[in-house]
Amino acid sequence: MILHGYWRSGTSYRTRIALNLKGLAYETAPVDLRTGAQKSDAYLALNPQGLVPALETGEGLVLTQSPAILEWLEEAHPTPALLPSSAADRAVVRAMAALIGCDIHPLNNLRVLKAVRGLGADQAGVDAWAGRWIMDGFAALEALVARHGEGWCFGGAPSLADCYLIPQIYSARRFNADLTAFPRLLEIEAQAERHPAFVAAHPDNQPDAD
């Protein structure tokens, strides 16, 4: 498999975590968002939306949009599972993931932040914009983890929700968000810092990191 992504992209990061948790081998094909490589003809031929990540499965299939990629990984490579066995529990984990993937991350990705800067915001304004949505979302997620977590977002093993959470914590720190109000999320971060799959997926450990 070939993963086309950007080292600091949260969506690429969450996909790397899932691939690593599944124990799947893949090549990295860097796409530098800062230089506009995602809008090149070659990349648009893979992903007409011009966003990262894109995953070439090796079977003539190119998958885009990280939620779809992660769900495909779970279906095509079900062991180890990133979703619980019961339908109700799977819905809880998917809700946790969507809380981040739908309600936090889109509001602090590169395209949106460029637009915020275009409206006249300085770095402090950008941090405040991103921080608002991070803090609101993390407050809700902290409560959900209190109900369902046992060291990870759901239960005692990494799940789909943790694939989403750890990149969002990384992003929150880039925006100088104060995370002290979220001890359960910080406990998960500490677990991830000791887990090989998460360590290998960290942005600083990618070949295109600078």
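Cut-offs and rules
Residues numbered from 1 in each chain as written. Predicted model: local features only at pLDDT ≥ 70, side-chain atom pairs only at ≥ 80, totals over all residues. Heavy atoms only, no water. Buried < 20%, exposed > 50% of the residue type's maximum accessible area, 1.4 Å probe, protein only. Helix = DSSP H or I, 4+ residues; strand = E, 2+ residues; numbered from the N terminus. Arc of directions from axis to C-beta. Contact = heavy atoms within 4.5 Å. 1 Å grid on protein atoms, 1.4 Å probe; cavity = no way out; pocket = protein on both sides within 12 Å on 5 of 7 lines; lining within 4 Å. Points joined across faces, edges and corners; volume = space filled by probe spheres on them. Nonpolar A, V, L, I, M, F, W, Y, C, P; charged D, E, K, R; others polar. Expected span 1.5 Å × (residues − 1).

Engineer: How do you make sense of helix H8 (residues 183–192) when you look at a structure like this?
Structural biologist: Spacing of three or four residues puts side chains on the same side of an α-helix, whose turn is 3.6 residues. All of the buried residues in H8 are Leu 185, Ile 188, Glu 189 and Ala 192. Each buried residue of H8 lies within a common arc of 105° when the element is viewed along its axis, so the set occupies one face. In this fold, the buried residues of H8 make contact with helix H6 (123–148), helix H7 (160–174) and helix H9 (196–201).

Engineer: Whenever I open this one, the layout of surface pockets confuses me. Can you help?
Structural biologist: Empty space left among the atoms is revealed by rolling a probe the size of a water molecule over them. By volume, the largest pocket is sized at about 840 Å³. Residue lining of the largest pocket: 39 residues in total, with Ser 9, Leu 33, His 105, Asn 109 and Leu 110 positioned closest to the centre. Elements supplying a minimum of two residues to the lining of the largest pocket: helix H1 (10–21), helix H3 (66–76), helix H5 (110–118) and H7. It is H7 that contributes the most residues to the lining of the largest pocket, 6 residues altogether. Class assignment of the residues belonging to the lining of the largest pocket gives a composition of 13 nonpolar, 18 polar and 8 charged. Taken together, Tyr 13, Ile 166, Ile 169, Tyr 170, Arg 173, Glu 189, Ala 192, Glu 193, Phe 198, Val 199 and His 202 make up the lining of the second largest pocket. Breaking the lining of the second largest pocket down by element, the ones donating at least two residues are H7, H8 and H9. For the lining of the second largest pocket, the element with the highest residue contribution is H7, accounting for 4 residues.

Engineer: Whenever I open this one, H1 confuses me. Can you help?
Structural biologist: The first and last C-alpha atoms of H1 sit 16 Å apart over 12 residues, in line with the 16 Å expected at 1.5 Å per residue. Across the 12 residues of H1, 11 count as buried, placing the element largely inside the fold. Gly 10, Thr 11, Ser 12, Tyr 13, Arg 14, Thr 15, Arg 16, Ile 17, Ala 18, Leu 19 and Leu 21 are the residues of H1 that are buried. Those residues of H1 that are buried lie in contact with strand E1 (2–5), strand E3 (54–56), H3, helix H4 (87–103), H7 and H9. Positioned one or two residues after H1, Gly 23 has a phi angle of 70°, which is positive.

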